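Inside the fold
The lines below spell out each chain.
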Amino acid sequence: TDRLWRDMAIERVSTLPLTQIAYGALAGATLNLLHTSISQLGYQFKLRRSSVLKGVMTPGATFSERISNLRHAATAEWFTPAWLAALMVLGASRLIQLGGLISGLRQKAMRGPILFLFFVALYFLVVNGPIGYARYRLPMEPTLIVLLVAGLAGLGLLDRIKKTP
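First things first, this report covers the structure right here in the doc. (Residues numbered from 1 in each chain as written. Predicted model: local features only at pLDDT ≥ 70, side-chain atom pairs only at ≥ 80, totals over all residues. Heavy atoms only, no water.)

**Quick notes on the overall build of the protein chain**
- Scanning the protein chain from N- to C-terminus turns up ten helices and zero strands.
- Starting at the N terminus and ending at the C terminus, the protein chain contains elements arranged as α-α-α-α-α-α-α-α-α-α.
- Relative to its full complement of 165 residues, the protein chain shows a buried share of 27%.
- Looking at the protein chain alone, contacts between residues at least 24 apart form 68% of all its contacts between residues at least 6 apart.
- In the structure as shown, the protein chain presents an accessible area of about 11400 Å², 70% of it carried by carbon and sulfur atoms. (Helix = DSSP H or I, 4+ residues; strand = E, 2+ residues; numbered from the N terminus. Buried < 20%, exposed > 50% of the residue type's maximum accessible area, 1.4 Å probe, protein only. Contact = heavy atoms within 4.5 Å. Areas by Shrake-Rupley, 256 points an atom, 1.4 Å probe, with all protein chains shown as cover.)

This is how it looks when you write it as structure tokens:
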């Protein structure tokens, strides 16, 4: 049956325009970077999918209606606020990592190692493409940690730690 599924998938993908395939890969890579590991707890605790997954896929005709429905889901269970908090922390860390990437590229001595780490992360994003789950991001975590530290250093936050007695 695996061969049948593979053949059906190849047949279906071959009918898609290249732009749609590229969009799907880019969306999956973005989800991979933004998917919080805490959302996996929802599966472990067998929580309702409405609070775990519908943050992105909340039903509603307009954006404001989707946000309103998400707010209602957030008050229905304890897990959704924890998931949203984790999503905000992850978003902040991604911005700091982007700053670390930019800061590292601006410094001549750091440019080579930062570019190497960037291409390592890019490789795993391309390979995992449309699979947007945190567990597939695991090989990239060392790179993301280095970029986070570079971003914190670029903000001067590590200088404060070193000076503390």
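There is more to say, and it comes next.
**What about the nonpolar core?**
- Counting five residues, the largest nonpolar core consists of Ala 29, Ala 121, Leu 125, Met 140 and Leu 144.
- Beyond its immediate chain neighbours, meaning those up to four positions away, Met 140 contacts Asn 32, Leu 33, Ala 121, Phe 124 and Leu 125. (Core = buried A, V, L, I, M, F, W, Y, C linked by side-chain atoms within 4.5 Å.)

**Topic: the side chain of Ser 103**
- Counting through the fold element by element, Ser 103 comes out in helix H7 (residues 79–106).
- Excluding anything up to four places from it in sequence, Ser 103 contacts Ala 150 and Gly 154.

**Overview of the pattern of salt bridges**
- Enumeration over the complete set of coordinates arrives at one salt bridge.
- As a salt-bridge pair, Asp 7 and Arg 6 come within 3.3 Å of each other at their nearest N and O atoms. (Salt bridge = Lys/Arg side-chain N within 4 Å of Asp/Glu carboxyl O.)

**Observations concerning the environment of Asn 32**
- Note that Asn 32 resides in helix H2 (residues 18–34).
- Look at Asn 32 and you get buried, because its relative accessible area is 0%.
- Sequence separation of Asn 32 and Leu 125 is 93 residues, and the distance between their C-alpha atoms is 7.5 Å.

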